[in-house]
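A look at the structure
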Amino acid sequence: MKLSQRVSQVQPSATLAINAKAKALRAEGKQVISFGVGEPDFDTPHHIGEMAVQAVRRGQTRYTAVQGIPELKDAILDTIRADYGLDYLPEEVLVSCGGKHSLYNLFQAVLDPGDQVIIPAPYWVSYPDMVRLAGAEPVIVDCPESASFKLDPESLRRAVTARTRMLILNSPSNPTGVHYKPEELKALAEVLLDHPEVIIVSDDIYYRMLYNGAQWANIAMVEPRLKERTFIVNGVSKTYAMTGWRIGYMLGDAEVIKAAGKIQSQSTSNPCSVAQWAAVAALRGSQESVQDMLEAFSQRRDYVMERLGRLPGVTCPEPQGAFYVFPNVSAYYGKTVGSRSIGGSLDLADYLMEEAHLAVVPGVAFGGDRCIRLSFALSMAELKEGFDRLEKALGRLG
Ligand SMILES: Cc1ncc(COP(=O)(O)O)c(C=O)c1O
């Protein structure tokens with residue numbers, strides 16, 4: 001069958017591919033430890049599930065408004081007012097089937113062939129491919145480890161051209177866990193004020209997952225003049241351990257939100273009605289479970305940093321948020337074991353999977369081949385076993 005040119009331009013998600021490989025090995029009876037997971041290892045809190053059950057019992061199982069039920073839009077507006085200190089109107093919110101879908105709709109609604117989108121690297125795997133699917137061109141700006149993998153104002157200024165339509169910011173970041181301080185955002189905002197045609201996507205999906213009292217902010221909060229061209233993307237997946245429920249949302253300019261809603265109306269229609277009610281309970285209900293989850297992640301993060309510190313030649317900026325680390329393992333490139341030689345992150349990930357039954361995501365998928373991504377959304381026992389295996393496997397490379 002002939003496939004479209006569009007689909008031939010995109011790669012399958014690397015993280016999903018790693019997880020599939022891990023599953024296949026497990027099916028053979030192998031004890032695989034997966035550092036590849038991109039979701040909390042906690043169950044959705046009970047009261048959220050209960051709300052969904054009640055929604056089913058009440059018969060709230062039909063099509064809803066494409067943009068989302070008013071009760072959820074209200075809960076989102078209140079959450080954003082409380083957490084961001086920003087006010088939006090109901091017509092400035094679109095609820096979609098996950099934050100990923102929000103991004104997809106937005107790109108389809110505003111990007112044209114020839115448009116450029118600035119993506120600081122390391123980046124979340126899906127951004128470049130979603131940009132390409134909209135016919136636009138990803139412009140990758142490398143952000144070195146020495147700058148904690150963050151975009152600096154000068155690099156941003158150099159990357160902007162007459163064709164730049166969008167900048168994507170993601171803080172805290174997947175894959176690095178680093179977050180932008182308010183003054184760093186302010187410096188980027190200064191550059192953007194000189195380029196009024198550039199819209200900003202603020203992917204805030206990990207905004208509640210911050211450690212050691214780190215202060216969170218996004219660019220529209222630190223520079224209100226950018227609010228009208230900033231699009232906030234957020235959702236319940238990570239904060240409430242609700243990845244399978246598929247509820248995300250976007251806030252921004254009403255005309256663009258309407259256009260993105262039009263794309264949604266001709267593809268998925270509304271997000272699942274029952275999941276929308278569950279999301280109302282997540283945003284309106286007790287936030288105790290979020291705190292409990294954060295405390296667990298915080299302990300794991302400390303443990304992971306301690307174990308990474310013991311690996312010879314490995315360096316890693318400390319993550320202040322999310323549940324990932326992105327260690328630089330390039331000291332092991334060029335080494336061999338038996339007939340196998342390690343040329344880069346893909347080879348290392350293959351070696352770890354095949355020889356140590358350890359799943360890690362190669363950094364090249366995030367635009368950082370010197371690194372691998374490790375998730376710490378695992379139990380302490382699994383983390384310990386995983387790091388024991390990693391230490392041994394790296395030690396065998398000579
Ligand atoms: C940076 C980032 N943005 C957005 C998403 C989308 O999450 P969801 O579609 O589950 O809301 C993810 C999920 O892995 C992510 O890591």
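The structure reproduced in this document is the subject of the present report. Model, not experiment: these values are computed from the prediction.

Considering the packing of aromatic side chains
- Enumeration according to the criterion identifies 14 aromatic pairs in this entry.
- Here the aromatic rings of Tyr84 and Tyr207 are separated by 5.5 Å at their centres, their planes lie at 40°, and the arrangement is tilted. Here Tyr84 is found in helix α4 (residues 70–84), whereas its partner Tyr207 is found in the loop between β6 (199–203) and α9 (219–222), with 123 residues between them in sequence.
- Classification of Tyr207 by relative accessible area gives buried; the value is 8%.
- Their ring planes at 80° and their centres at 4.8 Å tell us that Tyr84 and Trp216 sit as a pair that is edge-to-face. With Tyr84 in helix α4 and Trp216 in the loop between β6 and α9, this residue pair connects regions lying 132 residues apart in the sequence.

With respect to the environment of Gln116
- By the element assignment, Gln116 lies in strand β3 (residues 116–121).
- Measuring from C-alpha to C-alpha, the distance between Gln116 and Pro138 comes to 5.9 Å, with 22 residues separating the pair along the chain.
- Among residues more than four places away in sequence, those in contact with Gln116 are Glu137, Val139, Thr161, Arg163, Thr164, Arg165 and Met166.

Describing the pattern of salt bridges
- Per the counting criterion, the structure on display carries 22 salt bridges.
- Of the charged contacts in the structure, one is a salt bridge between Arg307 and Glu391, with a shortest N-O distance of 3.3 Å. Of the two residues, Arg307 sits in helix α12 (residues 288–309) while Glu391 sits in helix α14 (residues 380–395), which places them 84 residues apart along the sequence.
- What makes Arg307 buried here is its relative accessible area of 3%.
- Residue Lys384 is joined to Asp388 by a salt bridge in which the shortest nitrogen-to-oxygen separation is 3.0 Å. Here the residue Lys384 and the residue Asp388 both occupy positions in helix α14, the gap between them amounting to four residues, near one helical turn.
- Each of Asp78, Arg81, Asp87 and Arg284 takes part in a single network of salt bridges with overlapping partners.

Considerations on the sheet that holds strand β14 (residues 372–375)
- In space, the three strands of this open sheet follow the order β9-β14-β13, with antiparallel pairing throughout. Strands at the two margins of the open sheet, each flanked by one partner only, are β9 (324–325) and β13 (361–362).
- Summarising the sheet, β9 and β14 pair through two bridges and their orientation is antiparallel. Looking across to β14, one finds that Tyr324 is bridged to Ser375.

Some details on the site of the ligand
- Close to the ligand lie 13 residues; Gly99, Asp203, Ser237, Lys238 and Arg246 are nearest.
- Note that an oxygen atom of the ligand is positioned 3.0 Å from one of the backbone N or O atoms of Lys100.
- Considering the ligand on its own, with 400 Å² of exposed area, one finds that the protein chains cover 93% of that surface.

Reading guide: rules and limits
- Residues numbered from 1 in each chain as written.
- Predicted model: local features only at pLDDT ≥ 70, side-chain atom pairs only at ≥ 80, totals over all residues.
- Heavy atoms only, no water.
- Phe/Tyr/Trp six-rings, centres within 6.5 Å; stacked < 30°, edge-to-face > 60°.
- Helix = DSSP H or I, 4+ residues; strand = E, 2+ residues; numbered from the N terminus.
- Buried < 20%, exposed > 50% of the residue type's maximum accessible area, 1.4 Å probe, protein only.
- Contact = heavy atoms within 4.5 Å.
- Salt bridge = Lys/Arg side-chain N within 4 Å of Asp/Glu carboxyl O.
- Pairing = 2+ DSSP bridges.
- Near = heavy atom within 4 Å.
- Polar contact = N/O pair within 3.5 Å; in protein donor to acceptor, adjacent residues only side chain to side chain.
- Areas by Shrake-Rupley, 256 points an atom, 1.4 Å probe, with all protein chains shown as cover.

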